[in-house]
Amino acid sequence: MSKIEFDKYEVGQELPPIKVDAITHAHLVRYAGASGDFNPIHNDPDFARKTGLDGTIAHGMFVMAQIGRLCTSWADQKQIKEFGVTFKAMTKPGQKLTCSGKIKRKKEENGEKLLTVAVEASDESGEVKASGELVVSC
């Protein structure tokens, strides 16, 4: 992580990606404990199947947190003005994620230099699990 300088980045430039190891049941149980989200579709395979799923699924916010790791590994947290995602597809145990970002826009607004970065998490097949934007103040 370093302080991001506006003039050192161009539209289309990519952030160094973050690779996430295969998601395990233990990841989901630990995340439930940390987040307080104990919905059984995330940690009880039998319950998840009764709801029509093939098994447990990762918390959407767990996936967002992985994208957040990408953001904070690139930019100083003090520079982050906005960060949000939309969930696109379910993430299942065993899947590996790649979190990536690409500079989408550079602009100066009220004397502030801003970079907008398109961010996403996708699995090994390229299916996008969540995507959104990061806005960094330079």
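Preceding this paragraph is the structure being described.
Note that the coordinates shown come from a computational prediction; the quantities given were computed from them, not determined experimentally.

Calculation criteria
- Residues numbered from 1 in each chain as written.
- Predicted model: local features only at pLDDT ≥ 70, side-chain atom pairs only at ≥ 80, totals over all residues.
- Heavy atoms only, no water.
- Core = buried A, V, L, I, M, F, W, Y, C linked by side-chain atoms within 4.5 Å.
- Buried < 20%, exposed > 50% of the residue type's maximum accessible area, 1.4 Å probe, protein only.
- Helix = DSSP H or I, 4+ residues; strand = E, 2+ residues; numbered from the N terminus.
- Expected span 1.5 Å × (residues − 1).
- Contact = heavy atoms within 4.5 Å.
- Pairing = 2+ DSSP bridges.
- Axes fitted to C-alpha atoms, helices over the stretch in contact; angles between N-to-C directions.
- Polar contact = N/O pair within 3.5 Å; in protein donor to acceptor, adjacent residues only side chain to side chain.
- Disulfide = S-S within 2.5 Å.

**Q** Whenever I open this one, the nonpolar core confuses me. Can you help?
**A** Side chains of a nonpolar character, in soluble globular proteins, are inclined to be buried together. Counting 29 residues, the largest nonpolar core has Ile 67 and Trp 74 as its most contacted members. At seven residues, helix α3 (residues 60-74) tops the list of elements feeding residues into this core.

**Q** Is there a simple way to explain α3 in this structure?
**A** With 15 residues, α3 ought to run about 21 Å at 1.5 Å a step, and its terminal C-alpha atoms sit 22 Å apart, in line with that. The secondary structure elements touched by the buried residues of α3 are β1 (18-20), α1 (25-35), β2 (80-87), β3 (97-109), β4 (112-123) and β5 (128-137).

**Q** Which parts of the structure should I look at to understand the sheet that holds β1?
**A** Neighbouring strands of a sheet are bound in pairs by backbone hydrogen bonds; such pairs are parallel or else antiparallel. An order of β1-β3-β4-β5-β2 is seen for the five strands of this open sheet, with the pairing classed as antiparallel. A strand with exactly one partner marks an edge of an open sheet, and here the two such strands are β1 and β2. Within the sheet, the average angular offset between the axes of one strand and its neighbour, ignoring direction, is 20 degrees. Set on the sheet, α3 makes contact with β1, β2, β3, β4 and β5; between it and β2 the angle comes to about 145 degrees.

**Q** Got a minute to help me understand the side chain of Gln 95 in this structure?
**A** Considering the arrangement of structural elements, one finds Gln 95 in the loop between β2 and β3. At a separation of 3.2 Å, a polar atom in the side chain of Gln 95 contacts the side chain of Asp 123. Among the polar contacts made by the side chain of Gln 95, one reaches the side chain of Lys 129 at a distance of 3.4 Å. Beyond its immediate stretch of four places on either side in the chain, Gln 95 contacts Asp 21, Ala 22, Ile 23, Met 90, Asp 123, Glu 124 and Lys 129.

**Q** Which parts of the structure should I look at to understand the state of the cysteines?
**A** Taken as a whole and judged by the stated rule, the model has zero disulfides. With no disulfide of its own, Cys 71 lies 8.7 Å from the sulfur of Cys 99, the closest cysteine sulfur. Cys 71 gets classed as buried once you look at its relative accessible area, which sits at 1%. Not part of a disulfide, Cys 138 finds its nearest cysteine sulfur in Cys 71, a span of 14 Å.

**Q** Where do I start with unusual backbone geometry in this structure?
**A** Comment: phi is negative for the bulk of residues other than glycine, and the bulk of peptide bonds are trans. Of note, the phi angle at Asn 110 is positive, near 55 degrees, even though the residue is not glycine. Following the sequence through the fold, Asn 110 ends up in the loop between β3 and β4.

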